[in-house]
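# Per-entry structural report
Below are the chains, spelled out letter by letter.
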Amino acid sequence: MIPLINPITLFFASIFTSNILLSNFLGTCSFISISKDWKSAFGLGMAVMVVMTITTAISWLVLTYVITPLGLEYLSFIVFIVVIAAVVQILEMVIDRTSPALYLSLGIFLPLITVNCAILGAILFMQIRSYGFVQSVAFGAGSGAGWWLAMMLLSAIRERTDKSPVPAGLKGAGITIITIGFMAMAFIGFSGMIAVQ
Amino acid sequence: MKKDSMLYVVVFTFIVCAVFVFVLALANQGTKDLVSANKEFATQSAVLGAFGIPFTDKADAAAKYQSMVQKVSTTPPQSWKATIDGQNYIAVEQAGPGLWGTISVILAAQPDGGRIRGIRVVSQNETPGLGGRIEEAWFIGQFDGERTNSGKLVMKSGAEATGGADMDKENGIVDGISGATRTSQSFGIIVNAGLARIMAGGTQ
Amino acid sequence: MSDSKAMTVLRANLWTNNPIFIQILGICSTLAVTNNLRNTLIMTVGVTLATGLSSMTLSALKDLIPRKVRMIIQVVVMSFYVILIDILLRAYMPDVSKQLGPYVGLIITNCILMGRAEAFAQANRPLLSLWDGLTSGLGYMAVLMAIAVVRELLGFGSLFGIQVMPQGFVTWTIMIMAPSAFFLVAMVMWWAKSVQAKNTAGDKPVAKEAGK
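In this text the structure is predicted, and so the values were computed from the model without any measurement. (Residues numbered from 1 in each chain as written. Chains lettered and ligands numbered in written order. Predicted model: local features only at pLDDT ≥ 70, side-chain atom pairs only at ≥ 80, totals over all residues.)

Here the focus is the overall build of chain B. Within chain B, the regular secondary structure consists of four helices and seven strands. Put simply, chain B runs from its N terminus to its C terminus through helices and strands in the order α-α-β-β-β-β-β-α-β-β-α. Here the C-alpha atoms of chain B give a radius of gyration of 22 Å, more than 25% beyond the 17 Å that 2.2 N^0.38 yields for 204 residues. Judged by the C-alpha coordinates and their principal axes, chain B covers about 80 × 45 × 30 Å. When burial is assessed residue by residue, chain B has 41% of its 204 residues classed as buried. Nonlocal contacts in chain B, meaning residues at least 24 apart in sequence, comprise 53% of its contacts between residues at least 6 apart. (Helix = DSSP H or I, 4+ residues; strand = E, 2+ residues; numbered from the N terminus. Rg over C-alpha atoms; globule rule 2.2 N^0.38 Å. Buried ≥ 20, exposed ≤ 12 C-beta atoms within 10 Å, placed from the backbone. Contact = placed C-beta atoms within 7 Å.)

Looking only at helices and strands, one finds nine helices and zero strands in chain A. The N-to-C order of helical and strand elements in chain A reads α-α-α-α-α-α-α-α-α. The C-alpha radius of gyration computed for chain A amounts to 17 Å, which stays within 12% of the reference 16 Å derived for 197 residues, consistent with globular compactness. Across its three principal axes, chain A shows a C-alpha extent of roughly 60 × 45 × 30 Å. Buried positions account for 53% of the 197 residues belonging to chain A.

On to the interface of chain C and chain B. One frequently used descriptor of interface size is the decrease in accessible area upon assembly of the parts. Taken together, the contact pairs 17 residues of chain C with 21 residues of chain B. Counting residues per element, the side of chain C that touches chain B draws most heavily on helix α4 (residues 70-92) of chain C, which supplies eight residues. When grouped by side-chain class, the residues that make up the side of chain C that touches chain B number twelve nonpolar, two polar and three charged. (Nonpolar A, V, L, I, M, F, W, Y, C, P; charged D, E, K, R; others polar.)

For the rest of this paragraph, the subject is the nonpolar core. If you look at the biggest cluster of nonpolar residues, it comprises 181 residues, and the most contacted ones within it are Val48 of chain A, Ala91 of chain B together with Val185 of chain C. For Ala91 of chain B, the contacting residues outside a window of four places in its chain are Val47, Ala50, Phe51, Ser79, Trp80, Ile106, Leu107 and Ala108 of chain B. (Core = buried A, V, L, I, M, F, W, Y, C linked by C-beta atoms within 7 Å.)

It is worth spelling out the pairing of strand β2 (residues 79-84) of chain B at this point. Residues and elements named next belong to chain B. Note that strand β1 (residues 69-73) and β2 share four bridges and pair antiparallel. Paired with Gln70 across the two strands is Lys81, which belongs to β2. Relative to strand β3 (residues 87-97), β2 runs antiparallel, the two sharing six bridges. Bridging from a neighbouring strand, Trp80 pairs with Ala91 of β3. Linking β2 back to β3 in an antiparallel pair, the connection comprises two residues, with Asp85 at a positive phi of about 50 degrees. (Pairing = 2+ DSSP bridges.)

Take the pairing of strand β5 (residues 116-123) of chain B next. The side chains of a regular strand alternate, residue by residue, between the two faces of the sheet. For β5 of chain B, a buried count of six out of eight residues is recorded, marking the element as mostly surrounded by other parts of the structure. Linking strand β4 (residues 102-109) of chain B back to β5 of chain B in an antiparallel pair, the connection comprises six residues, with Gly113 of chain B at a positive phi of about 70 degrees.

Contacts between chain C and chain A engage 36 residues on the former and 36 residues on the latter. For the side of chain C that touches chain A, the secondary-structure elements that each account for two or more residues are α2 (27-31), α4, α6 (111-121) and α8 (178-199) of chain C. Ranked by residues supplied to the side of chain C that touches chain A, first place goes to α8 of chain C with twelve residues. Of the residues that constitute the side of chain C that touches chain A, the class distribution is 29 nonpolar, six polar and one charged.

Residue and element names in this part refer to chain B. Taking strand neighbours across the sheet as the criterion, the five strands line up as β1-β2-β3-β4-β5 in an open arrangement whose pairing is antiparallel. The open sheet has two free edges, formed respectively by β1 and β5, since each of these has just one partner strand. Here the strands of the sheet are splayed against their neighbours by 25 degrees on average, with no regard to which way each runs. Helix α4 (residues 181-199) rests against β3, β4 and β5 of the sheet, and its axis sits at about 135 degrees to β3. (Axes fitted to C-alpha atoms, helices over the stretch in contact; angles between N-to-C directions.)

Residues and elements named next belong to chain A. On the secondary structure map, Ala41 appears in helix α3 (residues 38-70). Here Ala41 falls in the buried class, since 21 other C-beta atoms lie within 10 Å of it. Ala41 sits 110 residues away from Met151 along the chain, and the two C-alpha atoms are 6.4 Å apart.

So, about the packing of helix α3 (residues 37-61) of chain C against α6 of chain C. Each pair of packed helices can be described by the angle between their axes along with the distance between the axes. Residue and element names in this part refer to chain C. For the pair α3 and α6, interaxial distance at closest approach is 9 Å and the crossing angle is 35 degrees. Note on packing geometry: the crossing formed by α3 with α6 is right-handed. Only Ile112, Leu113, Arg116, Ala117, Phe120 and Ala121 of α6 make contact with α3, whose side of the interface consists of Val47, Ala50, Thr51, Ser54, Ser55, Leu58 and Ser59. For the contact of α3 with α6, a count of residues per class yields eight nonpolar, four polar and one charged. (Left-handed = near helix turned anticlockwise from the far one by under 90°.)

So, about α6 of chain C. For α6 of chain C, the tally of buried residues reaches eight of eleven residues, placing the bulk of the element in the interior. When we look at burial in α6 of chain C, the residues that qualify are Cys111, Ile112, Leu113, Met114, Arg116, Ala117, Phe120 and Ala121 of chain C.

The pLDDT averaged across chain B works out to 84; a share of 95% of its residues lies at or above 70. Confidence estimates for the predicted assembly give a pTM of 0.81 and an ipTM of 0.81. (pLDDT = per-residue confidence, 0-100.)

So, on to the confidence of the model for chain A. As a note on interpretation, predicted positions should not be read in detail where pLDDT is low. For chain A, the mean per-residue pLDDT works out to 84, and 94% of the residues sit at or above 70. Across chain A, the element-wise mean pLDDT spans from 75 in helix α2 (residues 28-34) of chain A up to 91 in helix α8 (residues 133-161) of chain A.

Another point: the environment of Tyr140 of chain C. Residue and element names in this part refer to chain C. Its place among the elements puts Tyr140 in helix α7 (residues 126-156). For Tyr140 and Thr44, which are 96 residues apart along the polypeptide, the C-alpha to C-alpha distance reads 7.3 Å. In contact with Tyr140, other than residues within four places in its own chain, are Pro19, Ile20, Gly26, Thr44, Val47 and Ile112.

A few words on the environment of Val134 of chain A. All names here are of chain A. Within the secondary structure, Val134 sits in helix α8. By the C-beta count within 10 Å, which is 14 here, Val134 ends up partly exposed. When the C-alpha positions of Val134 and Phe77 are compared, they lie 22 Å apart, and in sequence the two are 57 residues distant.

Turning next to unusual backbone geometry. Even without glycine at this site, Phe25 of chain A takes up a positive phi of about 65 degrees. Turning to its location among the elements, Phe25 of chain A is positioned in the loop between α1 (7-15) and α2. The backbone of Asp85 of chain B shows a phi angle near 50 degrees, a positive value even though the residue is not glycine. Assignment of secondary structure puts Asp85 of chain B in the loop between β2 and β3.

So, about the packing of α3 of chain A against α8 of chain A. Residues and elements named next belong to chain A. Orientation of α3 relative to α8, taken along the N-to-C sense of each, is 165 degrees, at an axis distance of 8 Å. What the angle tells us is that α3 and α8 run roughly antiparallel. When you trace α3 past α8, the crossing you get is right-handed. In the contact of α3 with α8, the residues fall into 18 nonpolar, eight polar and no charged. (Parallel < 35°, antiparallel > 145°, perpendicular 65-115°, else oblique.)

What follows is the structure in structure tokens.
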């Protein structure tokens, strides 16, 4: 049964009240490593958002018109991952052609988008909650936008913390994770904001 | 055949995928019966639980389900009838939007909607640890034998939720989950919709 | 202490190169279930098995995999084992499977699997890769169980579902919600790195991961 959530509300809810990173913990690995540099963070965030939206849409189509009619639910994980890998591969080629500078600065992180937990996570949430097509696209785009937003905020904060005196044991990943924790707390403050929540 | 030649790549990938998919298909087939038996049992135990009929294990549940419960409608939304200690009860499967996805419950009550017999959650996608707590015994237990106010139940949510259970069975009020306002509200709406369906005969 | 390869790997994965506080891998998926000890245990066992088995399989296939599709094949192998685990959970532990929801599927993207496949299975024999995967999983499990103990105890007042805290205990709701997991991981990192920094300069690191 398709839940009765307005796609636009779902879009904003995915960014603020149930941010895929700050509330659902997904996508933290590459998050921590790349947020050091603002420009690459921006580029990667955008790439993840694009991939998330496209793959959620394609996965919904494959799920509805191929997997479910054929009763192949147990293969859904593999199919989703293959869809993600294909989309990332195509995106890589597009970026390489249009902006070689971005391609170089993203380096290894571009193919690693394939195993970004957030992307597969968004697809799996969509599957479990039985969203319709428009809702899925809104959810994918919103989750991607939320991930990008969190990335931007974290990268801005890191520029400050990297210059501050941090205890040796916390330098680098430690203080970044604490920062993410505070960001998560701040985002909880959005809880009453949107009707879905 | 050179390892990097296109032909090798395609053949290798194909063989690897074929082998793994084949094994998975075998595993899936092998466990199909067990999985559907689990589903059967889940439904039966939810219906029996809502009716307040105790059972000891899968076999006992199946036996009690067969003997004491009658299925009223065979197509979804499902409903059942049972007579316990001389009193008739109707149970309906009721689903509604929760915070994140659909919440589906089985609600059993007297045919006039005056008193709830019990309720069991069949599926939900709420926040684990918060909205997900609707499956916990303390929350669900509030509904057992709860009197209703002419077929409606009041759900205390948000700031009113005390974080405990409302043990008074005569006041028609239940306590929501503190920290899970929307889930609690949605749950209340679903219960009242289920009651309305039971009072209307339980088949629509 | 024996210096066999196996012991070296074990020591590394549990302490000096622990997936969570040194390699910073695998934080993504499993943190979400750490507010509950039982789910954490099952998830981490799943990750351990999946990592071990896929590392072993990839190591066995390493001479046959063409460069171009290396990542795809790795992902297919990992998905295979995770789906197998999911199928088995669905059949034999249905209530757990329901509780874990999408997070079992997310083991596929758990950075630890990919990380060990790239860093170890590429260059080592199958049995050792299996051991490496299993011990990485153990190191991972230790940290997450420690976090889960704190979160469940303070957030619900229970351990493995058994009420431990006294009746009047006011639960710390923050422990049920997301931020606490992040803070606790950072605390563990801080502790581990400080201890390791004290032990550098040649001598053997304290092999006992004290936890709680």
